[in-house]
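Coordinates in review
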Amino acid sequence: MTKYDAVVIGAGNGGLVAAIRLLQGGLKTLIVEKHNLPGGFATSFRRGRFEFEASLHELNDFGAANNAGDVRVLFDELGVTDKIEWIQIPEAYRVIARSENLDATMPFGVQAFIDKMEAYVPGSRESVTKFFELAEEIRLAQAYSSSVNGQTDSKYMVANYGNFVRCGSYSVNQVLKTLKMPQKAVDIISAYWCYLGANLDDMSFVHYASMVNRYILRGAAMPKMRSHEISLAMVERIRELGGDVLFNTEAVKILTDAEGGVSGVVLDDGTEIATRHVVCNCAPHVVYGKMMDKVPEAEVRATNARKFAGRGFTMFLGLDRSADELGIENHNYFLYDTMDSVKQYDRMRTIADNDVQATVCLNRALPDCSPEGTCMMYFTTLYMSDDWANVKAEDYFKTKDYVADKMIARFERDTGAKIRDHIEEISVATPMTYARYCGHPQGVIYGYESQYWDGLMPRLQMMAEDHRIRGLRFAGGYSMRLSGYSSAYFSGDISGRQTVGDFKREG
Amino acid sequence: MPFTFKKQIFGFMDLIRFTKMVPKRREKLAEGSAEKIPATYRVNETAKILHPGYQSAKLVKITQNTADTKTYEFETDKPFYFRAGQYMTLGTNVNGSEASRPYAVSSAPGAALGKRVAFTVKKCGFFSGYLFDNAKEGDIFTVGDPSGEFCYEPLKDAKHVVAVAGGSGITPFYSMAQAIADGTMDFKLTIFYGAKTEEDLIFKKELDALGSDKIRLVYVLSDEKKAGYESGFIGADLISKYVSGDFTVMMCGPQAMYAFLDKELKKFDLPPRRIKKEANTVGVRDVKEEHYKIKVKIGFESYTVDADSRETVLVALERAGLKVPAKCRAGGCGFCHAKLVSGSFSIPGADKRRLADSKFGYFHPCCSYPDSDMEIIANKA
Ligand code: FES
């Protein structure tokens, strides 16, 4: 029987990083992926003369060589940074909520951001400065916490990172209120919320502030050849390190021994692989729902307790005029009905009511990403319920077109750009598309929601006790770092290194 | 001066609250239901109808349409759905090796929900020859996922589509016409259907029966003059005779027809977004016969196969009886994605790979010809 020290199931962002970590730790490693490409959502596809980015809006926490973010540091350690050509995103975002007369374009750089906010909202300086001070303390506290692998000393924490501990249990809205931030500034600084997909009453301040701070402090980056370049660079690295990679190969079963620990993996063609360590880059729901025969009750309960985060929808447009000609001014737009994220979240439950979009014109960051005289855009939204489950196959294409049409109308209305008559290529991905390619339940793209009780901090603090089955760890959006590119990479880093530790301890 | 964050009147309350997060989550996780975790979900089930993957299909009916065309109707394992204009691969084992070809579906999308699908095939090569000579009712085949973008896009295309079909290129339009007639789709379709003689027109009777204010047929015979038919080739003048205003051109037929139309359509000065072509062929190349070896790793196994400079890498692998993925066989879908370890190849037609694929040495065996001995890594089918 073929034997590996470790098997990684799923070559998404988390799985790829985990595989590199396992190989760097000296483990003989196999990574299997059911699709014929690596990356999961981190991929690209071609239509006519366009190559579309499948999902990445901007890579958070990467930074430049002289202002390296944590993701760059990780990529350096993995040995992949130099295999990829990077570009910087020009500005943070433009947020528009027409019904509330909000239209603000925010820059990268903490000072620049505070100054611009003061220009939009006179009197906001003090509270916004405090926001970034808190956020920076959170960043340092998190760095300390990961340096001691989550085994933090509480006295040391309180002494050195007191504000982090004091604000650590509150939601975004609770903290911003305490900071007495003027409402309009709250609205502007809330723009990123849909990147994390929980409303700001639910989402922990630590999680949100940490993300905003990393964006604004370090800027954002993008690989020149779409995220497919990152994914292929990682596969290249895995092969350099002697790892085996199988595409078009689905792991259908995880085998367990008498004590319930991992003993092997069965592939879709019946091949049995002996291994005592598996890192799953997929939902625990999928693993426990169909890949394992005996699942401990505590694990079943814990899995059932969790809530699926947003189900994804993206429209891709290749336009036959340049961004200038069409009046598309910015790289990154957030278009909302209201900046009240609780109300907005509610409206995002149904196909009929959801009109939110996070939209990118890639040419504004990478002018030659499409042929001269053209540009390309992608428009993303999230559904906060399973309304797409109500769409029958025969109504599917019409429903897709209905949503795509609404997205175009909103973009034109809110920004004044004219795009409808210049569509040369259109492609739409729905929850069904994400379910198909990545196997996620209900087409979820954001893992488990960052609810008030299931946010970043308690997940990190409970990493050890969440690991209930010997030899089984998780990476990707459903795991301890939550969803998003950088989070998924970090989860792969953590689970990969922990598995190396398990292997050294347990064999 | 660093500030001190304080939410509650007594700051220590904030600290206590922090320490309660873990117990709270622990409690919530333990409160979850003990019920079995579902093996599947509704969205995932609908996704399986939209993308059934490979499935087996029983040949239930063969109809001879013209001297060199037959329609093969199948009953599939599972209900599925597609967009009129898409193709599927039809495959079976021919003399010990797996062979498959992409064919545009000629039946209506609605029929697929009832597990029925039809392909209309012109006898012109190895696989179609096999079908004509050997396939019989009751035989089991494998059909692939509905694929391709040769479809009407309501948000992009004009409300009026000018379809130009040559020979068996009528099949995707026949599917569209049925979809318009049964209300699945809504647009105006004028089909210019070119064939050599009246005898060569496939689905003439069926198409005529579908004619309406939305579906209009113009038959164009190149080798025959007959009342009620246009004659010659389908060009700008003929199109202008029947169509005006804003329209999208969709064409499906032989390369020669595309070459002619490309020139003719210049007269309309249409932007590229108004012209769609079903890209159903691989670039061919005219080179000296050379023989090479291809070493290929598939899964955990390695094989060495013979290759010929005049045949694609994919064909070399298939000839050797290896099961490797293929769908469009025209370089565009990326389904055959493989990695080059050493050696060289060329792509005579358009290079439709992703940028990073070229950078990291990935290629599409279906449209790439060997220029030397090669070592590659391919995926299993
Ligand atoms: S089979 Fe479509 S690209 Fe090769």
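Residues numbered from 1 in each chain as written. Chains lettered and ligands numbered in written order. Predicted model: local features only at pLDDT ≥ 70, side-chain atom pairs only at ≥ 80, totals over all residues. Heavy atoms only, no water.

This model, assessed by the stated rule, comprises 58 aromatic pairs over all chains. Between the aromatic rings of A:Tyr170 and B:Phe5, the centroid separation amounts to 6.5 Å while the plane-to-plane angle is 55°, which identifies the pairing as tilted. Linking A:Tyr170 in the loop between α6 (162-167) and α7 (172-178) with B:Phe5 in the segment before α1 (11-19), this pair reaches from one chain into another. An identical accessibility class is assigned to A:Tyr170 and B:Phe5; each is buried. A network of ring pairs unites the aromatic residues A:Tyr93, A:Phe113, A:Phe131, A:Phe132, A:Tyr192, A:Trp193, A:Tyr195, A:Phe205, A:Tyr215, A:Phe334 and A:Tyr336 as a single cluster. Note that B:Lys7 overlies the ring of A:Tyr170, its terminal NZ or CZ placed 5.6 Å from the centroid. The ring centre of B:Phe335 lies 4.6 Å from the NZ or CZ of B:Lys327, which sits over that ring. (Phe/Tyr/Trp six-rings, centres within 6.5 Å; stacked < 30°, edge-to-face > 60°. Helix = DSSP H or I, 4+ residues; strand = E, 2+ residues; numbered from the N terminus. Buried < 20%, exposed > 50% of the residue type's maximum accessible area, 1.4 Å probe, protein only. Lys NZ or Arg CZ within 6 Å of the ring centre and 35° of its normal.)

With that settled, consider the nonpolar core. Formed by 128 residues in total, the largest nonpolar core has its most connected members in A:Phe75 and A:Tyr192. In this view, A:Phe75 contacts A:Phe62, A:Val80, A:Thr81, A:Ile84, A:Trp86, A:Ile230, A:Met234 and A:Tyr489; residues no more than four positions away in its chain are not counted. (Core = buried A, V, L, I, M, F, W, Y, C linked by side-chain atoms within 4.5 Å. Contact = heavy atoms within 4.5 Å.)

Side chains three or four residues apart in an α-helix point the same way, a direct result of the helix having 3.6 residues per turn. Among all positions of helix α3 (residues 42-50) of chain B, only B:Val43, B:Asn44, B:Thr46, B:Ala47 and B:Leu50 are buried. What you see down the axis of α3(B) is that its buried residues fit within an arc of 160°, all on one side. Tucked inside the fold, the buried residues of α3(B) contact α16 (393-415) and α17 (431-438) of chain A. (Arc of directions from axis to C-beta.)

Unusually for a residue other than glycine, A:Lys180 sits at a positive phi of about 55°. Locating A:Lys180 in the fold gives a position in the loop between α7 and α8 (183-189). A:Lys180 gets classed as exposed once you look at its relative accessible area, which sits at 69%. Despite not being glycine, B:Arg329 has its phi angle at roughly 55°, a positive value. Secondary-structure assignment places B:Arg329 in the loop between α10 (313-319) and β15 (338-342).

This next bit is on helix α9 (residues 255-265) of chain B. Residues and elements named next belong to chain B. Of all the positions in α9, only Met257, Tyr258, Leu261, Glu264 and Leu265 are classed as buried. Summarising the axial view, the buried residues of α9 lie within an arc of 130°, below the 170-degree limit, and thus occupy one face. Projecting away from the buried face of α9 at angles above 90 degrees are the exposed residues Ala256 and Lys263. Contact partners of the buried residues in α9: β7 (160-166), α8 (236-242), β11 (248-252) and β12 (275-277).

Take the pairing of strand β14 (residues 262-267) of chain A next. Residues and elements named next belong to chain A. The buried fraction of β14 amounts to five of the six residues, a majority that puts the element mostly inside the structure. Two elements, strand β13 (residues 251-256) and β14, share five bridges in a ladder whose sense is antiparallel. Looking at β14, one finds that Lys253 is bridged to Val266. Where β14 meets strand β15 (residues 272-274), three bridges bridge the pair, whose relative direction is antiparallel. Following the sheet pairing, Val266 is matched in β15 by Glu272. (Pairing = 2+ DSSP bridges.)

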